[in-house]
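Per-entry structural report
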Amino acid sequence: EPEVTQTPSHQVTQMGQEVILRCVPISNHLYFYWYRQILGQKVEFLVSFYNNEISEKSEIFDDQFSVERPDGSNFTLKIRSTKLEDSAMYFCALGQGANEQYFGPGTRLTVT
Amino acid sequence: QKEVEQDPGPLSVPEGAIVSLNCTYSNSAFQYFMWYRQYSRKGPELLMYTYSSGNKEDGRFTAQVDKSSKYISLFIRDSQPSDSATYLCAMRSGSYQLTFGKGTKLSVIP
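Residues numbered from 1 in each chain as written. Chains lettered and ligands numbered in written order. Predicted model: local features only at pLDDT ≥ 70, side-chain atom pairs only at ≥ 80, totals over all residues. Heavy atoms only, no water.

By size, the foremost hydrophobic cluster in this structure holds 24 residues, and its most contacted members are W35, I72, L74, I76, Y87 and M91 of chain B. Of all the secondary structure elements, the ones that give two or more residues to this core are strand 3 (19–25), strand 4 (32–38), strand 5 (45–50), strand 7 (61–66), strand 8 (71–76), strand 9 (85–92) and strand 11 (104–109) of chain B. Those residues within four positions of M91 of chain B in sequence are excluded, and the remaining contacts are V4, Y25, F30, Y32, F33, M34, I72, Q97, L98 and T99 of chain B. L46, V47, F75 and A88 of chain A belong to the second-largest nonpolar core, a separate cluster that totals 21 residues. (Core = buried A, V, L, I, M, F, W, Y, C linked by side-chain atoms within 4.5 Å. Buried < 20%, exposed > 50% of the residue type's maximum accessible area, 1.4 Å probe, protein only. Helix = DSSP H or I, 4+ residues; strand = E, 2+ residues; numbered from the N terminus. Contact = heavy atoms within 4.5 Å.)

Before going further, it helps to examine the pairing of strand 8 (residues 75–79) of chain A. Residue and element names in this part refer to chain A. Burial analysis of strand 8 places four of its five residues in the buried class, which makes it a mostly covered element. Pairing analysis gives five bridges linking strand 3 (residues 19–25) to strand 8, with the strands arranged antiparallel. Looking at strand 8, one finds that I20 is bridged to K78. One ladder, built from four bridges, connects strand 7 (residues 65–68) with strand 8; its direction is antiparallel. In the strand pairing of strand 8, F65 is matched with I79. (Pairing = 2+ DSSP bridges.)

Okay, the packing of aromatic side chains next. Counted according to the given criterion, the structure contains 17 aromatic pairs over all chains. For the pair F91 of chain A and F103 of chain A, a centre-to-centre distance of 6.2 Å together with 70° between the ring planes defines the contact as edge-to-face. Taken together, the positions of F91 of chain A in strand 9 (residues 88–95) and F103 of chain A in strand 10 (residues 102–103) put the pair 12 residues apart, joining distant regions of the chain. A relative accessible area of 1% places F91 of chain A in the buried class. Through pairs of rings, three or more aromatic residues link up here, namely Y33, Y35, F45, F91 and F103 of chain A together with Y36 and F100 of chain B. Its guanidinium or amino end placed over the ring of Y49 of chain B, K56 of chain B lies 4.6 Å from that ring's centre, counting from NZ or CZ. Its guanidinium or amino end placed over the ring of Y32 of chain B, R92 of chain B lies 4.2 Å from that ring's centre, counting from NZ or CZ. (Phe/Tyr/Trp six-rings, centres within 6.5 Å; stacked < 30°, edge-to-face > 60°. Lys NZ or Arg CZ within 6 Å of the ring centre and 35° of its normal.)

Here it is as structure tokens:
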């Protein structure tokens, strides 16, 4: 099972601010994903990323969201102007295929 | 109708019991089925995945899929207190995205 770390573990930000969440895979992987889980609700898909481009995104992943691998290693999720409803756990997942998606420990985002 | 339905529990069983966790789904396009375990405030941990009807076994865990009934199950044999967690079913069609159930919270009492 691949290892992945996420930073920060907890991010508190004010509404309207930009946040960048980071995912650091320990080894090479082909597929990267971001999911989120609002407290008490289901885990929801945001975006998948393969070969340095977005392969699929959900309706949640609007123009306020973006992803990139700036240095070929870290995988980042940026939220340009945070809203209260963006408060959630954000999970990075990665793997060699779509059936084996291994999740990181998550970043708790709190928007005040 | 929700795409994936999962009884939230909580489910409480004595140590050593056989646990049965279930999900139903409405989208017949779902072809691949996964079970994840999530401890409190942690990321989901992949337990098993399968893509065909029938059973798949891995240690104390057995995943069962019945595509005709749109019903999947996870059985845990000889349950241990360390199995106490929330169990999430997830599934996908040909796309990358996983659609999750809401999870069943399991407590195994020593």
